[in-house]
Amino acid sequence: MSYRNAMAVLATMHGKECAVAPPFGDHLGLTVRPSVGLDTDQLGTFSGEIPRHGTMLEVALHKARLGMRAAGLPLGLASEGTFGPHPAVPFFPAGMEEDSATDVR
């Protein structure tokens, strides 16, 4: 499937489009733009001040769909979870979720 000249929204309010958009554009021809005015923190915060309800996958899907609806686009992207230094190799990033094992079949 070609995404050349297609546009997707990235449901974020933390500047993740700077890391996500270039590879999608370079390799798939997909233009990725950030959501505007979407409070993704309503679905949970990394600090835990607002708890996340659901698994990482469920929340990421919900976030992407909210972004798609807000932007009026048929394609959406989102991420969920926290990352930090790997416990054994500190200069490698690693997911920091205890419930990160998800079967998406």
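This one's a predicted model, so the numbers in the text were calculated from it and none came from an experiment. (Residues numbered from 1 in each chain as written. Predicted model: local features only at pLDDT ≥ 70, side-chain atom pairs only at ≥ 80, totals over all residues. Heavy atoms only, no water.)

Here's the deal with the sheet that holds strand 2 (residues 31-34)
The strand order across the open sheet formed by 3 strands is 2-1-3, and the pairing between neighbours is parallel. The open sheet has two edge strands, strand 2 and strand 3 (76-77), and neither has a second partner. Pairing of strand 1 (residues 7-10) with strand 2, which is carried by 4 bridges, proceeds in the parallel orientation. The residue bridging A8 from the neighbouring strand is V32, located in strand 2. Where helix 1 (residues 17-28) meets the sheet, its contacts fall on strand 1, strand 2 and strand 3, and the angle it forms with strand 2 comes to roughly 165°. (Pairing = 2+ DSSP bridges. Helix = DSSP H or I, 4+ residues; strand = E, 2+ residues; numbered from the N terminus. Contact = heavy atoms within 4.5 Å. Axes fitted to C-alpha atoms, helices over the stretch in contact; angles between N-to-C directions.)

Some points on the environment of H86
Here H86 lies in the loop between strand 4 (83-85) and strand 5 (93-95). Apart from residues no more than four positions distant in its own chain, H86 is found in contact with F92 and A94.

Quick notes on the confidence of the model for the chain
Predicted confidence across the chain gives a mean pLDDT of 84, with 87% of residues reaching 70 or more. When the criterion is pLDDT under 50, residues 98-105 qualifies, and its contacts beyond four places in sequence or with other chains add up to 5 contacts. (pLDDT = per-residue confidence, 0-100.)

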